[in-house]
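Geometric and topological summary
Next come the chains, spelled out residue by residue.
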Amino acid sequence: MKKNCAWLDEPNKIRVVFTEVLQHTTIKPVIKDKQQIYAIESMDWNEKEVIIILEQSANSDEEMTLYWIDMELPIYPRGIVRTDIFEEKYDAREALLGVNYSRRKTSFSIWAPTATNMVLSLNQKEYLMQKKPNGVWTVAVRGDYHLARYYFLITVNGEKNKINDPYAKGLTPNGIESVVLDSRRTDPVDFRNETYAPVSKADAIIYELHVRDATSAEESGVTERNRGKFLGLTELNTTNPAGYSTGLSYIRELGCTHVQLLPLQDFARVDELNPSEGYNWGYDPLHYFVPEGSFATDACDPVLRVKECKEMIHAFHKEGLSVILDVVFNHVYDHENSDFEKVLPGYFFRYQPDGKVSDATGTGNDLATERVMVRKFILDCVDYWLSEYLVDGFRFDLMGIIDVETMQAIRERCNQEDRPILLLGEGWELDTPLLPKQKSSTNQSDHLMGISFFNDSFRDVVKGKLFDQLDTGYVNGNGMYNEKMPQLVAGSSDQRFGNSLFSDPLQSVNYVECHDNHTLWDRLDLSNPTTSNENKKQMHQLATGLTLLSQGIPFIHAGQEFFRTKKGDENSYLSGDQINQLDWSQREIEDQNVQWVRQLIQFRKAHRLLRLGNAKEIEHRLHIIRAQNPALGFLLAGADEDLVVFINPTNETIKVEMPALGRWEKSLSNKRETVTEISCLLDSCVTIDAYELAVFKKKRE
C-alpha cells in the first residue's frame with residue numbers, strides 16, 4: 001500500500017505527495033532537521049500534491065522531517081539528486097570504486113551519497129562501512145578473499161535492500177551475489193603477450209556475430225560441450241559433416257578484419273544454470289563488468305567465465321582478427337529493481353518534465369549518461385574492457401541516447417591505447433530529454449570525429465526503406481533511388497553529390513543487414529515476392545558488393561554471405577536457436593556465394609583505392625561514369641592503376657562506355673562465367689549482364 005511521502009527536489013523545494021486528496025488548511029507544516037527549523041516561504045496546493053518552498057536551502061546531509069496535522073513524514077532526497085549542486089557536492093570521479101584486491105587486504109567501495117547506512121556482507125560476515133564526504137562508502141578487510149562472495153546491505157530513503165556491487169568483476173550464477181576475483185588468475189597463457197597486428201580504421205571490414213549463434217548448431221562441428229559458448233569460438237579447423245569450414249577458421253578464411261560481438265556483458269532473461277531453456281541477444285544488461293555466464297561452460301565457476309571469455313578474444317587475436325564489443329550504455333534491464341536505482345534513487349536515469357522516467361529507448365528507461373557519476377561508470381567500464389580483456393573497439397547500442405561529452409571522453413580514453421580502437425554506434429535521433437546538440441546522433445557527427453555511425457541512408461537506398469517492408473531500393477527496385485548512389489559509394493562525404501552525412505568517410509559504416517530487423521534475404525522475399533530465387537540471389541550479391549566496394553567501413557552480418565534467413569522473423573532477440581543459429585549446412589550449399597564475398601573482401605584489401613581515408617582524396621580520385629539509366633558506374637583513378645565498377649540493377653543486359661580505351665582486366669563479377677583475365681577493347685563499350693556487378697582494372701602505362 002502506498003504511503004504519504006515527502007521529497008526534497010531542490011535545495012529549497014519540498015514536494016509532498018498524498019494517497020488521497022488533502023483538504024486545504026491554513027495550518028502550516030513544521031520542517032526541521034537535527035540542527036534547525038526551516039522557515040516556509042510559500043506553499044502551492046494541487047489536490048494530492050503540495051509544493052513547499054523554503055526561505056533557505058536545506059542541508060541534504062541531515063535527516064529532515066515534516067510535521068503536519070497528524071502526519072510525521074521523513075523528507076527523503078529525490079529530485080535534488082539531479083541538480084548541479086548535488087553533482088558538485090558528491091563528485092567522486094577520482095574515487096576507485098568496486099573491489100581493490102590484494103592477497104593481504106581487499107578494500108570495497110561504493111558510491112551512495114544519500115544512503116544512511118551501508119554494510120558489507122563478505123562470506124556471510126558483516127562489516128560496517130564508513131562514508132566519505134564525496135558520498136563513497138568504504139571498508140578494508142584483511143586476508144586473501146579471492147573467490148569470496150559479497151554484497152551490500154544499503155539503507156536509502158528508509159528502506160533496506162540487498163544489492164550487488166555495480167562494479168563487480170565476478171558473479172555467482174544469475175548474478176545472485178558478487179564475487180571477489182584476483183584478475184591475474186583469470187588470464188589464459190600468453191594472453192598479455194600477443195603479437196597480432198591490429199588493423200587500422202581505414203582497413204576495417206566488420207563481421208557481426210552472436211557468440212551463441214556461431215556454434216550452437218550440431219553441424220558447426222564444435223565439441224558438444226563448447227557449442228554456443230565462448231570456447232566454441234576458440235576451436236580451430238572445425239567443419240560441417242561435408243567437410244566445409246565452420247566457426248573461427250571459417251571467419252578467418254572469409255577475410256573480415258574485425259568481429260563485432262553482440263553484447264556479452266552479463267544480461268537478463270537467460271537462466272545461466274539452464275541456458276538451453278532461454279535465448280537472448282544480450283540487450284538486457286545487468287552487470288557491465290562481468291561476461292555473460294550462459295556463454296561459459298560452467299556458470300558456477302566465476303573464474304572460468306572470465307577466463308573463457310578471454311580465451312575467445314585471445315583466439316580471435318591469434319587468427320589476426322580484432323574484437324569489437326557491442327555495449328549497451330543507453331538503458332538497463334528493469335530499472336526499478338536495478339542496483340543503480342537502489343544505490344541512489346532518481347539519479348541514474350533521465351526524467352521527463354512531468355516526473356516520469358524517460359523512455360526514448362523503448363525499454364522503460366534512458367540512462368542519464370550526462371551525469372558525472374554515470375559518465376564515470378561508463379568510462380571505468382570502457383577502461384576495464386580495454387585493459388583487462390584487450391578488446392579492440394566498441395559498438396554503442398542506441399548511441400543517440402548518449403550525450404556528446406561522454407562519447408568524446410570515451411574517444412579520448414581509447415586514443416590513449418597503443419593500438420587502434422574502433423568506435424561506432426547507432427546515431428538515431430531519439431526523444432530523450434537532451435538538447436539536440438547534446439545527443440550523439442548522426443546530426444552531431446562533426447563533433448564526434450573519430451567515431452563512426454551506422455549509415456541508415458545506405459541501407460534504405462540500397463534495399464528499400466526499413467519501416468516499409470514492401471519498399472524497394474536500388475538493387476531490388478530496378479534502380480530505384482539511383483540518383484542517391486554516387487553519394488553512397490563516396491562514403492556519404494562528397495559535397496559534389498549533394499548534402500553529405502559526414503565530413504569524414506570513415507564515419508560511414510555501410511551495411512544492408514545486421515542482427516536487427518529482417519535479414520536481407522528475408523527482406524527480398526517480402527519486397528520482391530514474384531522474383532525468382534536466382535534473381536533474388538543476384539540482387540543480394542549487388543547489395544553485398546556495394547557494401548564492400550564503397551568508401552567508408554563495410555559491415556557484414558554473420559551469414560549474410562550465404563543468404564542467411566531467420567524464416568521471416570523480424571525481431572528474433574528471444575526466438576531461440578532454431579531461428580538464430582548459423583546454418584552451417586546453408587554455408588555448404590551456398591559456398592559459391594561465400595567465395596564471391598571472399599573475393600570481394602580480398603579485392604578490397606588489395607586495392608587502397610577502395611578504402612580512401614578522407615573526403616578530399618575521394619573527391620580527387622572518384623568519378624561517376626555516365627551509364628545507361630539506372631546503371632551505376634564509377635572510376636577510381638590511382639597513381640599506378642585505375643578501377644572501374646559497374647552495377648546493373650535491371651533484368652536486361654546493357655552496354656556501358658569505359659572511361660578510356662586500353663587493356664582492362666575484368667577482375668570481379670558475380671556472373672562468374674563472364675570474368676576474363678585480360679580484355680583487349682577495340683572500342684570503349686562493354687556489356688554488363690542483368691543484375692551484374694563487375695569490376696575492371698587497368699594498369700597505368
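Everything numeric in this text was worked out from a predicted model, so none of it was measured. (Residues numbered from 1 in each chain as written. Predicted model: local features only at pLDDT ≥ 70, side-chain atom pairs only at ≥ 80, totals over all residues. Heavy atoms only, no water.)

Before going further, it helps to examine the side chain of glutamine 560. Note that glutamine 560 resides in the loop between strand 28 (553-557) and helix 12 (577-580). Only 3.1 Å separates the side chain of glutamine 560 from the side chain of threonine 544, close enough to count as a polar contact. Excluding anything up to four places from it in sequence, glutamine 560 contacts Val512, Glu513, His540, Thr544 and Phe555. (Helix = DSSP H or I, 4+ residues; strand = E, 2+ residues; numbered from the N terminus. Polar contact = N/O pair within 3.5 Å; in protein donor to acceptor, adjacent residues only side chain to side chain. Contact = heavy atoms within 4.5 Å.)

Among the nonpolar cores identified, the biggest contains 168 residues, and Trp111 and Phe394 are the most heavily contacted of them. By residue number, the principal contributor to this core is helix 6 (residues 372-387), which donates 10 residues. The residues touching phenylalanine 394, leaving out its near neighbours within four places in the chain, are Ile324, Leu325, Val327, Val382, Trp385, Leu386, Cys414, Ile421, Leu422, Leu423 and Leu424. Grouped together as the second largest cluster of nonpolar side chains are 14 residues, Val644, Ile654, Ala694 and Phe696 included. (Core = buried A, V, L, I, M, F, W, Y, C linked by side-chain atoms within 4.5 Å. Buried < 20%, exposed > 50% of the residue type's maximum accessible area, 1.4 Å probe, protein only.)

Turning our eyes to something else, we now look at the pattern of salt bridges. For the structure shown, the criterion picks out 43 salt bridges. Between lysine 666 and glutamate 692 there is a salt bridge whose closest N-O contact spans 2.9 Å. Residue lysine 666 is located in strand 33 (residues 663-669), and its partner glutamate 692 is located in strand 36 (residues 692-699); the two are separated by 26 residues in the primary sequence. Taken individually, lysine 666 and glutamate 692 each receive the classification buried, so the pair is uniform in this respect. (Salt bridge = Lys/Arg side-chain N within 4 Å of Asp/Glu carboxyl O.)

Moving on, we come to the environment of tryptophan 584. Along the polypeptide, tryptophan 584 turns up in helix 13 (residues 584-589). Tryptophan 584 gets classed as buried once you look at its relative accessible area, which sits at 2%. The sequence separation of tryptophan 584 and glycine 247 amounts to 337 residues, and the corresponding C-alpha distance is 9.0 Å. Excluding its chain neighbours within four sequence positions, the residues that come into contact with tryptophan 584 are Ala214, Ala217, Glu219, Ser220, Asn240, Ser245, Thr246, Gly247 and Tyr250.

The volume enclosed by the largest pocket comes to roughly 1900 Å³. Surrounding the largest pocket, 47 residues form its lining, Trp7, Arg15, Arg78, Glu341 and Tyr351 being those nearest its centre. Looking at the lining of the largest pocket, the elements with two or more residues in it are strand 1 (5-10), strand 2 (13-17), strand 6 (49-54), strand 8 (71-77), helix 1 (84-89), strand 16 (159-163) and helix 5 (339-343). When residues in the lining of the largest pocket are grouped by element, the largest group, 5 residues, is from strand 1. Residues belonging to the lining of the largest pocket are distributed by class as follows: 16 nonpolar, 11 polar and 20 charged. A volume near 650 Å³ is recorded for the second largest pocket. (1 Å grid on protein atoms, 1.4 Å probe; cavity = no way out; pocket = protein on both sides within 12 Å on 5 of 7 lines; lining within 4 Å. Points joined across faces, edges and corners; volume = space filled by probe spheres on them. Nonpolar A, V, L, I, M, F, W, Y, C, P; charged D, E, K, R; others polar.)

This brings us to the packing of aromatic side chains. The tally for this structure, following the rule as stated, stands at 35 aromatic pairs. Between phenylalanine 289 and phenylalanine 377, the ring centres sit 5.5 Å apart and the planes meet at 80 degrees, which makes this aromatic pair edge-to-face. Of the two residues, phenylalanine 289 is situated in strand 22 (residues 285-291) and phenylalanine 377 in helix 6; the sequence distance between them amounts to 88 residues. In this pair, the class of phenylalanine 289 matches that of phenylalanine 377, namely buried. For the pair phenylalanine 453 and phenylalanine 502, a centre-to-centre distance of 5.9 Å together with 25 degrees between the ring planes defines the contact as stacked. Here phenylalanine 453 is found in strand 26 (residues 452-454), whereas its partner phenylalanine 502 is found in the loop between helix 9 (485-489) and strand 27 (508-510), with 49 residues between them in sequence. Each member of the pair, phenylalanine 453 as well as phenylalanine 502, carries the same accessibility label: buried. Above the ring of tyrosine 384, the side-chain terminus of lysine 169 is found at 5.2 Å from the ring centroid. (Phe/Tyr/Trp six-rings, centres within 6.5 Å; stacked < 30°, edge-to-face > 60°. Lys NZ or Arg CZ within 6 Å of the ring centre and 35° of its normal.)

For helix 7 (residues 404-414), the tally of buried residues reaches 8 of 11 residues, placing the bulk of the element in the interior. In this structure aspartate 403 caps helix 7, since a side-chain oxygen of it lies 3.3 Å from the backbone nitrogen of glutamate 405.

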